[in-house]
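# Breakdown of the fold
Listed below, chain by chain, are the residues.
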Amino acid sequence: MAKAAESSGDPGTTTPRPLFAGLSDISISQDIPVEGEITIPMRSQIQEFDSSTLNESVQNTIMRDLKAVGKKFMHVLYPRKSNTLLRDWDLWGPLILCVTLALMLQRSSVDSEKDGGPQFAEVFVIVWFGAVTITLNSKLLGGNISFFQSLCVLGYCILPLTVAMLVCRLVLLAEPGPVNFMVRLFVVIVMFAWSIVASTAFLADSQPPNRKALAIYPVFLFYFVISWMILTFTPQ
Amino acid sequence: MAAVDDLQFEEFGDAATSPAANPGATTIHIEGPSESPTHQPGLPRGSGGEEDDELLGNDDSDKTELLAGQKKSSPFWTFEYYQTFFDVDTYQVFDRIKGSLLPIPGKNFVRLYIRSNPDLYGPFWICATLVFAIAISGNLSNFLIHLGEKTYHYVPEFRKVSIAATIIYAYAWLVPLALWGFLMWRNSKVMNIVSYSFLEIVCVYGYSLFIYIPTAVLWVIPQKAVRWILVMIALGISGSVLAMTFWPAVREDNRRIALATIVTIVLLHTLLSVGCLAYFFDAPEMDHHLPATTAAPNQTAAAAKN
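Under an unreviewed UniProt entry, the name given to chain B is Protein YIPF, and the organism recorded is Canis lupus familiaris. Here chain B is described in UniProt, under the heading Sequence similarities (unreviewed entry), as follows: "Belongs to the YIP1 family."

The name given to chain A in an unreviewed UniProt entry is Protein YIPF, and the organism recorded there is Canis lupus familiaris. Turning to chain A, the UniProt record has this under Sequence similarities (unreviewed entry): "Belongs to the YIP1 family."

Structure (structure tokens):
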């Protein structure tokens, strides 16, 4: 081969030695391997992993999911600034909580259809469409949280209010009266504050700093409406 | 030879032929994307033209309309298009609410506060809050009024929430639509100086409903006189905000049509507030606070007074 063509790129300058001139001195021997196989060492491992969750017993699967849900419940009950709810979100917990709340809140079919407490479907729709609306609002304002992460946090933070509903139900078994009402009011207020604190701890960081109040206010309204439904529940 | 030269690749500048070594060669510098934000959150828009904004915004209205049209450049099926309607900061929302609570004569709400940045956050969440405020305080006031009656059994009246939602949202969206259509039609006949976009009208209506939230909470007080005074105050404030906003848009028109428009706007607003008061809040009856030995004469007396 002649001299490298690169040296013809600079016409005007006189270099003592053209570039890559030493290349021609190299002889390619047959010893350097320039071909081979590319093996993916992970393949067998992946197959093994897939079959392990597919073949495990149903009890293992359910227990694993239940443990994940329970761990998130603990995070809601003792809210610290952590990423657990956001990182591995799931919607099982919100579904369980929403169904429990709606079952306890629905009015019995005995009383009149005109006015009364909400039906099961109404509670369900309020919770889920409320959560979707708040998520959309937060994303439209420029928050960088994903859709399902936000739904997960809002759903899990209904846990204190569900506990309040259980307590109210128990308290209502006693005789009615102003004391009864005061106890229920106190419990609902405390649990409402707990829900707000828990959801703010998880959601506040993902909002742009000058719009935090705009994004948190709908959360406040959402839990306020649910608290009102719990407080005004009257068994027939 | 010329053919051989033509076939050879021409090497362009790489690291070896840097500008330092080869000053004659031309080099192209390609930088990474600069980090300039598309909009700075702390800066209020239109601050340059603020001094020119008066009650009648002469050509500014056309220019700002054009600019508003240019701002939303994303197609309507993308998420970014709708994000432009939520481009407000906390202090801006508070300013707009304050502007709707304190109507200053001579200051136009749209010119002063909205300034071609209409948002949908305020109208939507103010209406949502108002729906729940009316439903909850109506329920509470009925409970307090009927507290002593023996035949009264408390019901949460959840059905009224959906009725309130239908009424409030229909008012806050359909009336601006009708008004906008009407103003566009008049604009085609009479050259008006000031014209508003649909979103700006929705914005004004939404923020003007804010005064009804504390009013609805105060309507719990079971005194007829107090309630009607509250209606007057709320109507005065929000009606004047609306009237002062829309008067410049119709004043070029035929005198009668302009007056009729303003009167219709205020009338619809009155209808909304009085209708909500009548439907969601039971009339307080004074007899319930009198001590009674048995329930029957008390109820017949109340029925007779009705």
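Residue and element names in this part refer to chain A. Listed under "transmembrane region" (unreviewed entry) in the UniProt record, and renumbered for this structure, are residues 89-108, 120-141, 153-175, 181-203 and 215-234. Note that residues 153-175 is 74% helix and 0% strand, and that its end C-alpha atoms are spaced 36 Å apart. The straight-line gap between the two end C-alpha atoms of residues 181-203 is 32 Å; of that span, 100% is helix and 0% is strand.

For the structure on display, the rule yields eight salt bridges over all chains. Note that Asp 87 of chain B is salt-bridged to Arg 211 of chain A, the shortest N-O span being 2.8 Å. Of this pair, Asp 87 of chain B sits in the loop between helix H3 (79-83) and helix H4 (90-101) while Arg 211 of chain A sits in the loop between helix H8 (178-203) and helix H9 (212-231), on two different chains. Judged by relative accessible area, Arg 211 of chain A falls into the buried class, the value being 7%.

Another aspect to go through is the environment of Ala 283 of chain B. Residue and element names in this part refer to chain B. Within the element layout of this structure, Ala 283 appears in the loop between helix H11 (255-280) and helix H12 (295-305). Assessed through its relative accessible area of 39%, Ala 283 is described here as partly exposed. Here Ala 283 is in contact with Ile 145 and Lys 224, once residues within four sequence places are set aside.

So, about the packing of helix H10 (residues 224-250) of chain B against H11 of chain B. Residue and element names in this part refer to chain B. Running from N to C, H10 and H11 point in directions that differ by 150 degrees, and their axes come no closer than 9 Å. Here H10 is positioned roughly antiparallel relative to H11, judged by the angle of their axes. Like other packed secondary-structure pairs, H10 and H11 cross with a definite hand, here right-handed. Between H10 and H11, the contacting residues are Arg 227, Trp 228, Val 231, Leu 235, Ser 238, Gly 239, Leu 242, Ala 243, Phe 246, Trp 247 and Val 250 on the first element and Arg 255, Ala 258, Thr 261, Ile 262, Ile 265, Val 266, His 269, Thr 270, Ser 273, Val 274 and Leu 277 on the second. Taken together, the residues of the contact of H10 with H11 break down into 14 nonpolar, six polar and two charged.

Residue and element names in this part refer to chain B. Per the UniProt annotation, the sites labelled "transmembrane region" (unreviewed entry) are residues 120-141, 161-185, 197-222, 228-250 and 257-281. End-to-end, the C-alpha atoms of residues 120-141 are 31 Å apart, and along that stretch the chain is 95% helix and 0% strand. Helix makes up 69% of residues 197-222 and strand makes up 0%, while its end C-alpha atoms are separated by 41 Å.

Turning next to the state of the cysteines. Residues and elements named next belong to chain B. Evaluated as defined, the whole model comprises zero disulfides over all chains. Counting only cysteine sulfurs, Cys 203 is the nearest neighbor of Cys 127, a cysteine outside any disulfide, at a range of 11 Å. Relative accessible area serves as the criterion here: at 0%, Cys 127 is assigned to the buried category. Free cysteine: Cys 276, not disulfide-bonded; nearest cysteine sulfur from Cys 127 at 11 Å. Cys 276 sits in the buried class, given a relative accessible area of 4%.

Rules behind the numbers
Residues numbered from 1 in each chain as written. Chains lettered and ligands numbered in written order. Predicted model: local features only at pLDDT ≥ 70, side-chain atom pairs only at ≥ 80, totals over all residues. Heavy atoms only, no water. UniProt positions renumbered as here; feature names shortened; annotations may be inferred. Helix = DSSP H or I, 4+ residues; strand = E, 2+ residues; numbered from the N terminus. Salt bridge = Lys/Arg side-chain N within 4 Å of Asp/Glu carboxyl O. Buried < 20%, exposed > 50% of the residue type's maximum accessible area, 1.4 Å probe, protein only. Contact = heavy atoms within 4.5 Å. Axes fitted to C-alpha atoms, helices over the stretch in contact; angles between N-to-C directions. Parallel < 35°, antiparallel > 145°, perpendicular 65-115°, else oblique. Left-handed = near helix turned anticlockwise from the far one by under 90°. Nonpolar A, V, L, I, M, F, W, Y, C, P; charged D, E, K, R; others polar. Disulfide = S-S within 2.5 Å.

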